Amino acid sequence: MSNRMNMRCRTLVFRNSDENFEDGLAIAADIISKGGTVAFPTETVYGLGADALNADAVHKIFKAKGRPADNPLIVHIANIHQCIELAEEIPADAMKLMEKFWPGPLTLILKAKDVVPDVTTGGLYTVGLRMPDNPVALELIRRSDTPIAAPSANTSGSPSPTTADHVIHDLDGKIDAILDGGPTQIGLESTVVDMTDKIPTILRPGQVSVEDIKECVGDVRIGYRDRTLEEGEVARSPGMKYTHYSPKTKVILIEGNIKDVHKAMTEIVSDCHREGERVGLFVTEETAKIVNADEIYSLGKREVPSQAARSIFMGLRHLDSTNIDLIIVDGTLNKEGIGAAVFNRLRKAADRIINA
Ligand code: TXA
Ligand code: MG
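Residues numbered from 1 in each chain as written. Chains lettered and ligands numbered in written order. Predicted model: local features only at pLDDT ≥ 70, side-chain atom pairs only at ≥ 80, totals over all residues. Heavy atoms only, no water.

**Quick look at the confidence of the model for the protein**
Here is step 1: Confidence in the prediction of the protein, expressed as mean pLDDT, is 94, and 95% of residues score 70 or more.
Here is step 2: In the predicted structure, residues 1–6 sits below a pLDDT of 50 and forms 0 contacts with residues beyond four places in sequence or in another chain. (pLDDT = per-residue confidence, 0-100. Contact = heavy atoms within 4.5 Å.)

**Some points on the pattern of salt bridges**
When charged atoms on two side chains of opposite charge get close, those side chains can pair.
Here is step 1: If you walk through the whole model with that rule in mind, you get 19 salt bridges.
Here is step 2: One salt bridge in this structure joins Arg317 and Asp170, with 3.0 Å as the shortest N-O distance. Of this pair, Arg317 sits in helix α12 (residues 305–321) while Asp170 sits in helix α8 (residues 164–171), placing them 147 residues apart in sequence.
Here is step 3: When its relative accessible area of 12% is taken as the criterion, Arg317 is described as buried.
Here is step 4: Residue classification places Asp170 among the buried positions, given a relative accessible area of 10%.
Here is step 5: Between Asp320 and Lys248 there is a salt bridge; the shortest N-O distance is 3.8 Å. Placement of the pair is Asp320 in helix α12 and Lys248 in the loop between β11 (221–222) and β12 (250–255), with a sequence separation of 72 residues. (Salt bridge = Lys/Arg side-chain N within 4 Å of Asp/Glu carboxyl O. Helix = DSSP H or I, 4+ residues; strand = E, 2+ residues; numbered from the N terminus. Buried < 20%, exposed > 50% of the residue type's maximum accessible area, 1.4 Å probe, protein only.)

**Observations concerning the domain arrangement of the protein**
Often, the extent of an interface is quoted as the loss of accessible area upon association of its parts.
Here is step 1: Structurally, the protein comprises domain 1 (2–222) and domain 2 (250–355).
Here is step 2: Here the C-alpha centre of domain 2 lies 29 Å away from the C-alpha centre of domain 1.
Here is step 3: In this assembly, 23 residues from domain 1 lie in contact with 14 residues from domain 2.
Here is step 4: Of the roughly 1,300 Å² buried at the junction of domain 1 and domain 2 (both faces included), carbon and sulfur atoms supply 61%.
Here is step 5: The three residues of domain 1 that bury the most area against domain 2 are Pro159, Leu188 and Pro205, which together make up 38% of that side's buried surface.
Here is step 6: Counting the contacts that link domain 1 with domain 2 gives 2 salt bridges.
Here is step 7: At the boundary of domain 1 with domain 2, the tally comes to 6 residue pairs in polar contact (both at pLDDT 80 or more).
Here is step 8: A total of 3 residues in the side of domain 1 that touches domain 2 trace back to one element, the largest contributor, which is α8.
Here is step 9: Considering only residue class, the side of domain 1 that touches domain 2 consists of 6 nonpolar, 14 polar and 3 charged. (Domains from an automatic or database assignment. Buried area = accessible area lost by both parts, 1.4 Å probe. Polar contact = N/O pair within 3.5 Å; in protein donor to acceptor, adjacent residues only side chain to side chain. Nonpolar A, V, L, I, M, F, W, Y, C, P; charged D, E, K, R; others polar.)

**Describing the site of ligand 1**
Here is step 1: Around ligand 1, the surrounding shell holds 26 residues, and the nearest of these are Thr44, Asn71, His76, Ser190 and Arg204.
Here is step 2: For ligand 1, an oxygen atom lies 2.9 Å from a polar atom in the side chain of Arg130.
Here is step 3: Ser190 places a side-chain nitrogen or oxygen 2.5 Å from an oxygen atom of ligand 1.
Here is step 4: Burial of ligand 1 by the protein chains amounts to 96% of its free accessible area of 680 Å².
Here is step 5: If you list the elements that add at least two residues to the shell around ligand 1, you get β4 (74–76), β6 (126–130) and β10 (201–204).
Here is step 6: Sorting elements by how many residues they give to the shell around ligand 1 places β6 first, with 4 residues.
Here is step 7: Among the residues making up the shell around ligand 1, the classes are represented as 12 nonpolar, 10 polar and 4 charged. (Near = heavy atom within 4 Å. Areas by Shrake-Rupley, 256 points an atom, 1.4 Å probe, with all protein chains shown as cover.)

**So, the sheet that holds strand β9 (residues 191–194)**
Here is step 1: Across the sheet, 11 strands lie side by side as β1-β8-β2-β3-β7-β4-β6-β5-β9-β10-β11; this open sheet has mixed pairing. Each edge of the open sheet carries a strand with a single partner, namely β1 (12–15) and β11.
Here is step 2: In this structure, strand β2 (residues 38–40) lies alongside strand β8 (residues 177–180), joined through 2 bridges in parallel fashion. Note on β8: the bridge partner recorded for Val38 is Ala177. (Pairing = 2+ DSSP bridges.)

**With respect to α12**
Here is step 1: End to end, α12 covers 24 Å across 17 residues, agreeing with the expected 24 Å (1.5 Å per residue, within 8%).
Here is step 2: The largest bend along α12 reaches roughly 45° and is located at Ser311.
Here is step 3: For α12, the full list of buried residues reads Pro305, Ala308, Ala309, Ser311, Ile312, Phe313, Gly315, Leu316, Arg317, Leu319 and Asp320.
Here is step 4: Considering only its buried residues, α12 is in contact with α8, β13 (279–283), β14 (295–298), β15 (326–331) and α13 (338–349). (Expected span 1.5 Å × (residues − 1). Bend = angle between axes of the 7 residues up to and from the residue.)

**With respect to helix α10 (residues 258–274)**
Here is step 1: Compared with an ideal rise of 1.5 Å per residue, which puts 17 residues at 24 Å, α10 spans 24 Å between its outermost C-alpha atoms and is within 8% of the ideal.
Here is step 2: With its phi angle positive at about 80°, Gly276 sits one or two positions after the end of α10.

**Considerations on the layout of surface pockets**
Here is step 1: The space that makes up the second largest pocket amounts to roughly 260 Å³.
Here is step 2: Lining the second largest pocket we find Ser158, Pro159, His166, His169, Asp170, Ser246, Pro247, Lys248, Leu316, Arg317, Asp320 and Ser321.
Here is step 3: Mapped by element, the contributors of at least two residues to the lining of the second largest pocket are α8 and α12.
Here is step 4: It is α12 that contributes the most residues to the lining of the second largest pocket, 4 residues altogether. (1 Å grid on protein atoms, 1.4 Å probe; cavity = no way out; pocket = protein on both sides within 12 Å on 5 of 7 lines; lining within 4 Å. Points joined across faces, edges and corners; volume = space filled by probe spheres on them.)

**Considering the nonpolar core**
Among soluble globular proteins, nonpolar side chains are generally buried collectively.
Here is step 1: Among the nonpolar cores identified, the biggest contains 70 residues, and Leu140 and Leu179 are the most heavily contacted of them.
Here is step 2: By residue number, the principal contributor to this core is helix α2 (residues 21–33), which donates 6 residues.
Here is step 3: Discounting residues that sit within four places of it in the chain, Leu179 has contacts with Phe14, Phe21, Gly24, Leu25, Ala28, Val38, Ala39, Phe40, Pro41, Tyr46, Val136 and Leu140.
Here is step 4: Within the second largest apolar cluster, 25 residues are counted, among which are Val45, Leu188, Val342 and Phe343. (Core = buried A, V, L, I, M, F, W, Y, C linked by side-chain atoms within 4.5 Å.)

As structure tokens, this is what we get:
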């Protein structure tokens, strides 16, 4: 008996390259309807989903991820009607943003209706809503016939998953099923905007940029920091309190002008080698031509931060799996547009930031 209780359940994996993926989708939707957990692709990262209106089901997400109970989940919907069922009111600016960016990588925080259980909102009076731009995600929500609460499908604190294999690595045996829809296109999580005040507040940067939001609704406030909050600081979004995206290997991010960054990077690599330590570089193509180390993973071209967005979590996970003592990240990448979101994640992942 106790043996059976200790046994981990088997996680079903359905790959979109398989002929019977349609059947997999139907099984996955059935699992959600019956209160189980399913990881699925979105355009940003993989999510770990459960029926957002079923408190017992949502508890399973927190358990599988090891997520702090006060960190609320984003509720994923497939049509505007579901939004009306979940949100107490939809301000005009929120409506404008939905029309412009949904389906897409934008989460809107709105006042929640009572149907949304406390476990989903982390006990807040608000709920985060998002319509993902991914056919598998949308089909899963439609077939389950319920909104799906889903945080990123990683172990709490580790880099977000951008492939089904990342999800398997973190959660195999802890969740009921995984839908593999291939690698995600954007690579980092949605922009989160609090719409409960007159002026929208951006709580997490993403592909939908501050400029995009300003252009749509006018004035916005920046409510996020590029580092984890210290004790005693008040978090606008519970997620800000917690360590994020940390590989096991120590991470140093070097920012500054290009020449100084290269110089500092070269010095740290030599210092480590003198100590017999192995170093991994997570650098732009341009930097890789100038600095060398034991492992290298590309952030893509310096002026094209969307490439870095796509490789950031993949790169951190890959470098972490190699036998190195330190990861050095290249802060010469362009910080505009999605670059701001990339730096937000890189700074949070870093144990130390050097301004060269
Ligand atoms: O792209 C994404 O947003 C992915 C995919 C799966 O949709 N999801 C995701 O979820 O990144 P998660 O749980 O890893 O991050 C959600 C963030 C957390 O920082 C959380 O604190 C914040 O959104 N959040 C959720 N609901 C909130 C609310 N009601 N008020 C303030 N912050 C909220
Ligand atoms: Mg997450």
